[in-house]
Amino acid sequence: MEATILVVNAGSSSLKFAVWPDRGTHNAAILRGQISGIGRVPWFRVRNGDGDLLVDEAWVQSGDAAHGLVPALIDRIERQTGGTAIVAAGHRVVHGGTRFASPVVVDETVMRDLEDLVPLAPLHQPHNLAAIHALAATHPGLPQVACFDTAFHNGHADVADRFALPRALHDAGIRRYGFHGLSYEYVTRALVRLAPDLARGRVVIAHLGSGASLCAVHNGKSIDSTMGFTALDGLPMGTRSGALDAGVLLHLLELGQDHDSLEHLLYHESGMLGVSGGISNDMRDLLASNQPEAAQAVDLFVYRVVREIASLAAAMGGVDGVVFTAGIGESSALIRDRVCRGCAWLGIELDAEANLRRDGRITTRGSRPSAWVIPTDEEQMIAQHTVEALGGVKEICYA
Ligand code: ADP
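Our subject in this report is the structure included herewith. Bear in mind the structure is a predicted one, so any value in this text is a computation, not a measurement.

Brief notes about the overall build of the protein
(1) Moving on: When its secondary structure is counted, the protein shows 16 helices and 14 strands.
(2) Moving on: Relative to the globule expectation of 21 Å for 399 residues, the C-alpha radius of gyration of the protein, 21 Å, shows essentially globular dimensions.
(3) Moving on: With the principal axes as the frame, the protein shows a C-alpha extent of 60 × 55 × 45 Å.
(4) Moving on: Looking at the protein as a whole, 53% of its 399 residues are labelled buried.
(5) Moving on: Of the contacts made within the protein by residues no fewer than 6 positions apart, 62% connect residues no fewer than 24 positions apart.
(6) Moving on: With an accessible surface of roughly 17,900 Å², the protein has 52% of that area assigned to carbon and sulfur atoms.
(7) Moving on: The distance from the centre of the 33 positive side-chain charges to the centre of the 45 negative ones in the protein is 6 Å.

Some words on the site of the ligand
(1) Moving on: For the ligand, the full set of nearby residues is Gly 209, Ser 210, Gly 211, Asp 282, Met 283, Arg 284, Leu 287, Ala 326, Gly 327, Ile 328, Ser 331 and Ser 332.
(2) Moving on: Between Ile 328 and the ligand, the recorded distance is 3.3 Å, taken from a backbone N or O atom to an oxygen atom.
(3) Moving on: Notes on the ligand: free accessible area 580 Å², of which the protein chains cover 68%.
(4) Moving on: Among the elements of the structure, α11 (283-288) and α13 (326-331) are those that each provide at least two residues to the shell around the ligand.
(5) Moving on: Its residues assigned to classes, the shell around the ligand shows 4 nonpolar, 6 polar and 2 charged.

Re unusual backbone geometry
(1) Moving on: In this model, Arg 368 is joined to Pro 369 through a cis peptide bond whose omega is 0°.
(2) Moving on: A positive phi angle is found at Asn 219, which is not glycine, with a value near 50°.
(3) Moving on: With a phi angle near 70°, Ala 326 is a residue other than glycine that sits in the positive phi range.
(4) Moving on: Overall, Ala 326 belongs to the buried group, its relative accessible area being 5%.

Topic: the pattern of salt bridges
(1) Moving on: Per the stated rule, a full pass over the model turns up 19 salt bridges.
(2) Moving on: Between Asp 158 and Arg 162 there is a salt bridge whose closest N-O contact spans 2.8 Å.
(3) Moving on: In this structure Arg 162 comes out as partly exposed when scored by relative accessible area, which is 25%.
(4) Moving on: Within this structure, Arg 32, Asp 377 and Glu 379 form a network of salt bridges that share partners.

Considering the nonpolar core
As a rule of thumb, soluble globular proteins bury nonpolar side chains together.
(1) Moving on: Ranked by size, the top nonpolar core spans 54 residues in total, and within it Leu 208, Leu 214, Phe 301, Phe 324 and Val 339 carry the most contacts.
(2) Moving on: Tallying contributions element by element places helix α12 (residues 292-316) first for this core, with 11 residues.
(3) Moving on: Two domains share this core, each providing at least three of its residues, namely domain 1 (3-148) and domain 2 (197-373).
(4) Moving on: Apart from the residues lying within four places of it in its own chain, the contact partners of Val 339 are Val 302, Val 305, Val 306, Ile 309 and Phe 324.
(5) Moving on: Counting 31 residues, the second-largest nonpolar core is a separate cluster that includes Ala 88, Leu 191, Ala 195 and Trp 372.

Regarding the sheet that holds strand β8 (residues 144-148)
(1) Moving on: Reading across the sheet, the 8 strands line up as β5-β4-β3-β2-β1-β6-β8-β7 and stay open at both edges, with mixed pairing between neighbours. This sheet does not close on itself; its edge strands, each paired only once, are β5 (53-58) and β7 (104-105).
(2) Moving on: Sheet analysis places β7 next to β8, joined by 2 bridges and oriented antiparallel. Its bridge partner being in β8, Val 105 is matched across the sheet by Val 145.
(3) Moving on: Across the sheet, helix α3 (residues 125-138) touches β1 (2-10), β6 (84-93) and β8, and the angle it forms with β6 is around 155°.

Description of the side chain of Arg 176
(1) Moving on: Among the structural elements, Arg 176 can be located in the loop between α5 (167-171) and α6 (181-194).
(2) Moving on: The exposure class of Arg 176 is buried, given its relative accessible area of 12%.
(3) Moving on: From its side chain, Arg 176 meets the backbone oxygen of Met 227 in a polar contact 3.3 Å long.
(4) Moving on: Not counting residues within four places of it along the chain, the set of residues in contact with Arg 176 comprises Ala 160, Asp 161, Phe 163, Asp 224, Ser 225, Thr 226, Met 227, Gly 228, Phe 229 and Asp 233.

Section: the pairing of strand β2 (residues 15-21)
(1) Moving on: Within β2, 6 of the 7 residues are buried, leaving the element largely enclosed by the surrounding structure.
(2) Moving on: The loop that links β1 with its antiparallel partner β2 comprises 4 residues.
(3) Moving on: Two strands pair when backbone bridges link them, and β2 and strand β3 (residues 31-36) are joined in this way by 5 bridges, in the antiparallel orientation. In the strand pairing of β3, Phe 17 is matched with Gly 33.

Examining the sheet that holds strand β11 (residues 221-225)
(1) Moving on: Strand order in this open sheet of 6 strands is β11-β10-β9-β12-β14-β13, and the pairing throughout is mixed. If you trace the sheet from one side to the other, it starts and ends with β11 and β13 (360-361), each paired once.
(2) Moving on: Sheet topology places strand β10 (residues 212-218) next to β11; 4 bridges connect them, and they run antiparallel. Within β11, the position partnered with His 218 by the bridge is Lys 221.
(3) Moving on: Helix-sheet contacts for α6 involve β9 (202-208), β10, β12 (321-325), β13 and β14 (370-373), and the interaxial angle to β9 is about 130°.

Here is what the cut-offs are and how they apply
Residues numbered from 1 in each chain as written. Predicted model: local features only at pLDDT ≥ 70, side-chain atom pairs only at ≥ 80, totals over all residues. Heavy atoms only, no water. Helix = DSSP H or I, 4+ residues; strand = E, 2+ residues; numbered from the N terminus. Rg over C-alpha atoms; globule rule 2.2 N^0.38 Å. Buried < 20%, exposed > 50% of the residue type's maximum accessible area, 1.4 Å probe, protein only. Contact = heavy atoms within 4.5 Å. Areas by Shrake-Rupley, 256 points an atom, 1.4 Å probe, with all protein chains shown as cover. Lys, Arg positive; Asp, Glu negative; His and termini not counted. Charge placed at Lys NZ, Arg CZ, Asp CG, Glu CD. Near = heavy atom within 4 Å. Polar contact = N/O pair within 3.5 Å; in protein donor to acceptor, adjacent residues only side chain to side chain. Nonpolar A, V, L, I, M, F, W, Y, C, P; charged D, E, K, R; others polar. Salt bridge = Lys/Arg side-chain N within 4 Å of Asp/Glu carboxyl O. Core = buried A, V, L, I, M, F, W, Y, C linked by side-chain atoms within 4.5 Å. Domains from an automatic or database assignment. Pairing = 2+ DSSP bridges. Axes fitted to C-alpha atoms, helices over the stretch in contact; angles between N-to-C directions.

Nothing here speaks to function; it is all geometry.
So, in structure tokens, the structure goes:
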């Protein structure tokens, strides 16, 4: 029976998963899928490694939260693949705080430490941890590994992570952490294979998806990132505001808004959706629209990406390359074109044809810095970490 690794990314209303052979996490996934609409009308969709749709149907098992579905998902996957056995689970966990600088095999002590971090990521961490709890209850012998969005950024210089707030608040954990770390780590490893000289240099990686951030990476190590204490900081995103003058929040509080309404405003009503006046949070819709508000949202996005690339270049004392990844970064030649034009003063010179082909290097031979497109794969990074953390999972018995 083939041993496989289950990768779980449990959110509030959706659970994304992928399955890898435990000996071949550098290859393609066997399956990728998600259960969406959890708590409303759960829907189950699975594709094979080639992207062919295998299952597209209502999820009938009871359970109203992502975590409750994980044990049943294992049975379903093992039936679907007919002849594989899941021997370990790797979880995306949003926050590892300052303690977890790398993935960790979860035991009771680790779990307690991760629960202590819930106040730092109240919208995500509880769902990540609940999935681990659910599997521990039903599959007690199954090794589980937590892989953190923050870990790649661990080790920043103090100046990069400190807010200009009283020291006691910093000591209590109110500091910058950075997120999207699994994506940055994947892209950094891919860059070593694709352009080893550049990988030793100063690179800004632009993870531009519904959530968006930039990371300054020098010789494979994160130096700084646009996301900070939460995944709300930095660039404007699909529905999130990005960086905001804290005085705006004080003003809105004075006008009578409370915590919940501010949270909704900043996470769900702002960003591209808010600036476009409700047209869309989706970059494809905005680019296709002829409404001036849609154009204004796109202009703001590009402006902020360009501005923050320069800011991170300053943090590294220069920049040798820019890498685009995630939904917008990988798929939109137009956004890449506009960002690169905004960075022309840095020396970036786009190769228009290479940009349309979007494979690997997209700048001219003489361009310094160079620019690249590298598709990210956070699930694969988690699968690799899981195998590495367990020292080769084949030794471990499936209880
Ligand atoms: P997340 O994983 O954060 O949900 P993705 O990385 O999947 O997000 O990126 C989603 C974003 O990518 C959406 O804004 C979508 O419009 C954008 N996107 C996908 N394809 C294209 C495209 N061809 N042109 C422009 N934007 C695109």
